[in-house]
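# Architecture at a glance
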Amino acid sequence: MERLKLKNLLLDEIDISISNVRKSNLEEGIEELANSIKEIGIQQPVVVFQRGNRYELLIGQRRYLACKKLNLKNIPALITTVKNETDAIIKSFSENIHRLELEYRDKMQVATMLLKKLGSADKVARYLGVNPQTVRKWLGYKDLSEDIKEMVDEGKLSATTALRIWRNIPNEKKAVEIKKKVSGQIVDGGITSMIDIARE
């Protein structure tokens, strides 16, 4: 197993590698990420490899861009070695493709715990590096019935749709009936129609 060397590098001596596979939506959420780094620092170093007297960034491009936005001088980096461009692409892709997204229920629990400690959704959002509206969605998820939460956990219903049903149909029995009808559907218009019918 390769042993990576951890080093604090100057941002000015790092270039984004052409082998870095993350090309799309690089600026999305950068402001929130920058705010998170400002509040709690960088929790995970970027990964680079050395080329001559400079370093090429393989993993952690958004962290790198957020640090530049904050005008930071240094960033913690793990220095790896690559045999060739193919090896570099594989390393960059592997890290990104195997990153596991947190379950919605886990996000809700974290947001709820932090709300008790920090006192407001805005503060929770700042510390987690997301926008306040996202935190309020996570906090709203805790009010769903266990039956609907299970459908979300099983992938039969999106968390967003579950929240829309619950907010529009406070009666649990009706909400569960609608949930079963829209399970697996994607078209918002169809979901909206069912919600309207349930209100009648």
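Thresholds applied
- Residues numbered from 1 in each chain as written.
- Predicted model: local features only at pLDDT ≥ 70, side-chain atom pairs only at ≥ 80, totals over all residues.
- Heavy atoms only, no water.
- Helix = DSSP H or I, 4+ residues; strand = E, 2+ residues; numbered from the N terminus.
- Buried < 20%, exposed > 50% of the residue type's maximum accessible area, 1.4 Å probe, protein only.
- Contact = heavy atoms within 4.5 Å.
- Areas by Shrake-Rupley, 256 points an atom, 1.4 Å probe, with all protein chains shown as cover.
- Axes fitted to C-alpha atoms, helices over the stretch in contact; angles between N-to-C directions.
- Parallel < 35°, antiparallel > 145°, perpendicular 65-115°, else oblique.
- Nonpolar A, V, L, I, M, F, W, Y, C, P; charged D, E, K, R; others polar.
- pLDDT = per-residue confidence, 0-100.
- Pairing = 2+ DSSP bridges.

Turning to the overall build of the protein chain, a few remarks are in order. When its secondary structure is counted, the protein chain shows 10 helices and 5 strands. Split into buried and exposed, the 200 residues of the protein chain put 37% on the buried side. Partitioning the intrachain contacts of the protein chain with sequence separation of at least 6 by distance along the chain shows that 69% fall at a separation of at least 24. With the model as given, the accessible surface of the protein chain reaches about 12400 Å², and the carbon-plus-sulfur share is 51%.

The subject of this paragraph is the packing of helix α4 (residues 104–118) against helix α6 (residues 132–141). It is the contact of α4 with α6, at a shortest axis distance of 8 Å, that shows an interaxial angle of 100°. Classed by the angle they form, the pair α4 and α6 counts as roughly perpendicular. For the pair α4 and α6, the contacting residues are Y104, R105, K107, M108, A111, T112 and L115 in the first and V135, K137, W138, L139 and Y141 in the second. When grouped by side-chain class, the residues that make up the contact of α4 with α6 number 8 nonpolar, 1 polar and 3 charged.

Quick look at the confidence of the model for the protein chain now. Summary statistics for the protein chain give a mean pLDDT of 76 and a share of 73% for residues scoring 70 or more. Here helix α10 (residues 188–199) stands out as the element of the protein chain with the lowest mean pLDDT, 41, in contrast to strand β5 (residues 74–80), whose mean of 94 is the highest. Low pLDDT (under 50) marks residues 184–200, which in the prediction has 18 contacts with non-local residues, meaning those over four places away or in another chain.

Our focus in this paragraph is the pairing of strand β3 (residues 46–51). Side-chain positions along a regular strand alternate between the two faces of the sheet. Relative to β5, β3 runs parallel, the two being bridged by 4 bridges. Paired with V47 across the strands is L78, a residue of β5. In this structure, β3 lies alongside strand β4 (residues 54–59), joined through 5 bridges in antiparallel fashion. Its bridge partner being in β4, V47 is matched across the sheet by I59. The turn joining β3 and β4, which pair antiparallel and follow one another in sequence, is formed by 2 residues; a positive phi near 70° is taken by G52.

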